[in-house]
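Each chain, written out:
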Amino acid sequence: MKKLRLYGCPDSPEMYTIRDYLQRSVVGYELANPFDRSDAPPEVEFEDGTRLINPSLQDIANQLGWLAKPRYDEYDLAIYGAGPAGLSAAVYAASEGLKTILVERSAIGGQAGTSSMIENYLGFPEGIAGAQLADRARQQALKFGAEILLLKEGVSVCFKENRIIVELRDGTVIRSKANICATGVEYARLELPNEDHFLYRGLYYGAGASEATLCYDKDIYIVGGGNMAGQAAIYFSGFARKVYLVVRRGNLSSTLSDYLVKRIKSVKNIEVIYHTEVTAMDGDRELQQIKLKHNITGDESLRETGKLFVCIGGDPNTDWAINTPLLRCKKGYLVTGNDLLKHDGFREQWQPDRLPFHLETSVPGFFAVGDVRYGSVKRVASAVGDGAMAVTQVHQYLSDII
Ligand SMILES: Cc1cc2nc3c(=O)[nH]c(=O)nc-3n(C[C@H](O)[C@H](O)[C@H](O)COP(=O)(O)OP(=O)(O)OC[C@H]3O[C@@H](n4cnc5c(N)ncnc54)[C@H](O)[C@@H]3O)c2cc1C
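Residues numbered from 1 in each chain as written. Predicted model: local features only at pLDDT ≥ 70, side-chain atom pairs only at ≥ 80, totals over all residues. Heavy atoms only, no water.

You'll find the protein chain entered in an unreviewed UniProt entry as FAD-dependent oxidoreductase, with Mucilaginibacter ximonensis given as the organism.

Chemist: Mind showing me how you'd approach the state of the cysteines here?
Modeler: Should the sulfur atoms of two cysteines be covalently bonded, the bond is a disulfide. Throughout the structure, instances matching the rule amount to zero disulfides. Considering cysteine sulfurs only, cysteine 329 is the nearest to cysteine 181, which forms no disulfide, with 13 Å between them. On the basis of relative accessibility, which here comes to 1%, the residue cysteine 181 falls in the buried class. (Disulfide = S-S within 2.5 Å. Buried < 20%, exposed > 50% of the residue type's maximum accessible area, 1.4 Å probe, protein only.)

Chemist: In this structure, what is going on with the sheet that holds strand E17 (residues 287-294)? I would like to understand it.
Modeler: Hydrogen bonds between backbone atoms are what pair the strands of a sheet, whose relative direction is either parallel or antiparallel. Reading across from one edge, E16-E17-E18 is the order of the three strands in this open sheet, with antiparallel pairing throughout. For this open sheet the edge positions go to strand E16 (276-283) and strand E18 (300-304), each flanked by a neighbour on one side alone. Ignoring strand direction, the axes of neighbouring strands in this sheet form an average angle of 25°. Of the pairings in the sheet, the one linking E16 to E17 comprises seven bridges and is antiparallel in character. Across the sheet, threonine 276 pairs through a bridge with histidine 294, a residue of E17. (Pairing = 2+ DSSP bridges. Helix = DSSP H or I, 4+ residues; strand = E, 2+ residues; numbered from the N terminus. Axes fitted to C-alpha atoms, helices over the stretch in contact; angles between N-to-C directions.)

Chemist: Looking at this structure, I do not really get the domain arrangement of the protein chain. What am I missing?
Modeler: In many analyses, interface size is given as the accessible surface area lost on bringing the parts together. We note that the domain assignment places domain 1 (3-63), domain 2 (74-187 + 314-401) and domain 3 (195-310) within the protein chain. Taken together, the contact pairs eight residues of domain 1 with 12 residues of domain 2. For the pair domain 1 and domain 2, the summed buried area comes to about 820 Å², and 56% of that belongs to carbon and sulfur atoms. For the domain 1 face of the interface with domain 2, the top three residues by lost area are Tyr21, Arg24 and Val26, together amounting to 71%. Scanning the region where domain 1 abuts domain 2 turns up zero salt bridges. There are one residue pair in polar contact (both at pLDDT 80 or more) connecting domain 1 and domain 2. (Domains from an automatic or database assignment. Contact = heavy atoms within 4.5 Å. Buried area = accessible area lost by both parts, 1.4 Å probe. Salt bridge = Lys/Arg side-chain N within 4 Å of Asp/Glu carboxyl O. Polar contact = N/O pair within 3.5 Å; in protein donor to acceptor, adjacent residues only side chain to side chain.)

Chemist: Hey, could you run me through the site of the ligand in this one?
Modeler: Taken together, the neighbourhood of the ligand is formed by 34 residues, with Glu104, Gln111, Gln231, Asp371 and Val380 sitting nearest. Between the ligand and glutamine 111, the relevant distance is 2.7 Å, taken from an oxygen atom to a side-chain nitrogen or oxygen of the residue. Between the ligand and asparagine 120 there is a distance of 2.8 Å, counted from a nitrogen atom to a side-chain nitrogen or oxygen. In the complex, 95% of the free accessible area of the ligand, which totals 1,000 Å², lies under the protein chains. Secondary structure elements with two or more residues in the shell around the ligand: helix H3 (84-95), strand E6 (100-104), helix H4 (110-113), strand E11 (185-187), helix H7 (227-237) and helix H10 (380-401). The greatest single-element share of the shell around the ligand, amounting to three residues, is contributed by H4. For the shell around the ligand, a count of residues per class yields 13 nonpolar, 14 polar and seven charged. (Near = heavy atom within 4 Å. Areas by Shrake-Rupley, 256 points an atom, 1.4 Å probe, with all protein chains shown as cover. Nonpolar A, V, L, I, M, F, W, Y, C, P; charged D, E, K, R; others polar.)

Chemist: Please explain helix H8 (residues 258-266) as it appears in this structure.
Modeler: An α-helix turns once every 3.6 residues. As a result, residues three or four positions apart point the same way. Of all the positions in H8, only Leu260, Val261 and Ile264 are classed as buried. Projected down its long axis, H8 carries its buried residues within an arc of 105°, all on one side. Exposed residues pointing more than 90 degrees away from the buried face of H8 are listed as Lys262 and Ser266. At its buried positions, H8 is contacted by H7, strand E14 (242-246) and strand E15 (270-273). (Arc of directions from axis to C-beta.)

Chemist: How should the nonpolar core be read in this particular structure?
Modeler: Note on soluble globular proteins: their nonpolar side chains tend to be buried together. By size, the foremost hydrophobic cluster in this structure holds 36 residues, and its most contacted members are Leu77, Ile180 and Val394. Taken together, the elements giving at least two residues each to this core come down to strand E5 (74-80), H3, helix H5 (130-143), strand E7 (147-150), strand E10 (173-181) and H10. Counting residues per element, this core draws most heavily on H3, which supplies seven residues. Of all hydrophobic cores here, the second largest spans 26 residues; its members include Cys215, Ala233, Leu256 and Val261. (Core = buried A, V, L, I, M, F, W, Y, C linked by side-chain atoms within 4.5 Å.)

Chemist: Would you mind showing me how to read the packing of aromatic side chains here?
Modeler: Applying the stated criterion across every chain yields a total of 13 aromatic pairs. Plain terms: the ring middles of tyrosine 16 and tyrosine 204 are 4.8 Å apart, the flat faces sit at 50° to each other, and that makes the pair tilted. In this pair, tyrosine 16 sits in helix H1 (residues 13-24) while tyrosine 204 sits in strand E12 (residues 203-205), placing the two residues 188 residues apart along the sequence. With respect to class, tyrosine 16 is no different from tyrosine 204; both count as buried. Ring geometry for tyrosine 221 versus tyrosine 244: centroids 4.6 Å apart, planes at 15°, classification stacked. With tyrosine 221 in strand E13 (residues 219-223) and tyrosine 244 in strand E14, this pair connects stretches of sequence that are 23 residues apart. Here the two residues tyrosine 221 and tyrosine 244 agree in accessibility, since each one is buried. (Phe/Tyr/Trp six-rings, centres within 6.5 Å; stacked < 30°, edge-to-face > 60°.)

Chemist: Got a minute to help me understand the pattern of salt bridges in this structure?
Modeler: Between side chains of opposite charge, a pair can form when the charged atoms approach closely. In total, this model carries 24 salt bridges according to the counting rule given. Close ionic contact of glutamate 74 with arginine 163 constitutes a salt bridge, the shortest N to O distance being 3.1 Å. Within this pair, whereas glutamate 74 is found in strand E5, its partner arginine 163 is found in strand E9 (residues 163-168), the two being separated by 89 residues in sequence. On the basis of relative accessible area, glutamate 74 is assigned to the partly exposed category, the value being 22%. Aspartate 339 is the partner of lysine 342 in a salt bridge, and the nearest nitrogen-oxygen pair spans 3.1 Å. Each of Arg105, Glu153, Arg169 and Glu186 takes part in salt bridges that share partners, so that together they form one network.

Chemist: Please explain the sheet that holds strand E4 (residues 51-53) as it appears in this structure.
Modeler: Taken together, four strands build an open sheet; the order of strands is E2-E1-E3-E4 and the sheet is mixed. Two strands in the sheet have a free side with no partner beyond their single neighbour: strand E2 (28-31) and E4. Across this sheet, the average inter-strand angle for adjacent strands is 25°, counted without regard to direction. Relative to E2, strand E1 (residues 3-7) runs parallel, the two sharing four bridges. Following the sheet pairing, leucine 4 is matched in E2 by tyrosine 29. Its contacts with the sheet place H1 against E1, E2 and strand E3 (43-45), and it is angled at close to 170° to E1.

Right, here's the structure in full:
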């Protein structure tokens, strides 16, 4: 684990972006002065003594020696999204000899990488931090020869002569015989007017483990009634004075795993506020206060807090598939396999004289796995399973076209 030294105010939005990225990428760091409240831009000192002032994440990735350009003109398989599904696909594809590239727009691990503790993944009875699980998978994929491109986002796709061509945001083009889309889902927002202003100034989407130590002895609020919110509440209760879990429904059992419900009820400094929504945020530079509204009585109350974590699920990352032959459901999830047969327009566009494979989309050779797939189970294990299964289907597809 590398140890970087960060200079500057730990709570600034710029520093949050850096801290969060390093935490999720399992790059060790320490804060030179945790009590620094200056306006100076963040500075990062690397192990060899190099110091970068106000670096972008790409600058940091470059300095850490991470790959920035694809090595080959064409791949057997290109995978987009390095959450559990994409990482699993990369491990199986590379280990089975496919020339594989994995492209990730942010940090390795996807949503799972932001989880403080995954307790229900097979083989880890004590649980495992999402970032650790992701880092192990990254090492495994690299060991088998997969290429991993970080901080690169696929923005458009076209299909030519049995090849799939994806353009990345920086203009790089990746050509492959088959694709796996593992782009997951994006956190939903509260849709309050000043959300952008408070983002990383007290308001966070998801509950990044990197924030936990900065919640020490504070009252914090987590919005959401799902597993993501429940896990965050338990983890943060080890740091914060009090954790308030704000949920819209009147119970947790309809949205939360049973083991989490039991844990939450047993932790003394977690209080669940039922039938309630956050309706306003206030503060100057940083978040200082939120307004809660009871959704049955309409009663409102103001709460002093500098930390609000929004964990209310999200939408699939498939905007890039609009205006392509890839069929999506109404909510934007990519439709695959038998589900395509019920989809308007599928039969007219599908050319092969076979049905689509279980994880294959409406374009032959283009597969969708994990949370982004219509009908998927939103779990680490099922994403990993999808990734492994899709590689078998990629082999079947490739044996047909080559
Ligand atoms: C805080 C939290 C805790 C959770 N805890 C658990 C748990 O304990 N147990 C459990 O089973 N499940 C848990 N889940 C759910 C689980 O993490 C998800 O179901 C799983 O991560 C889905 O994996 P995925 O690979 O399909 O997608 P994601 O994890 O969403 O990964 C998708 C990746 O694709 C990248 N991406 C998106 N668009 C592009 C693009 N255009 N180009 C390149 N890259 C792109 C994203 O940056 C992201 O890294 C949790 C989720 C969260 C958020």
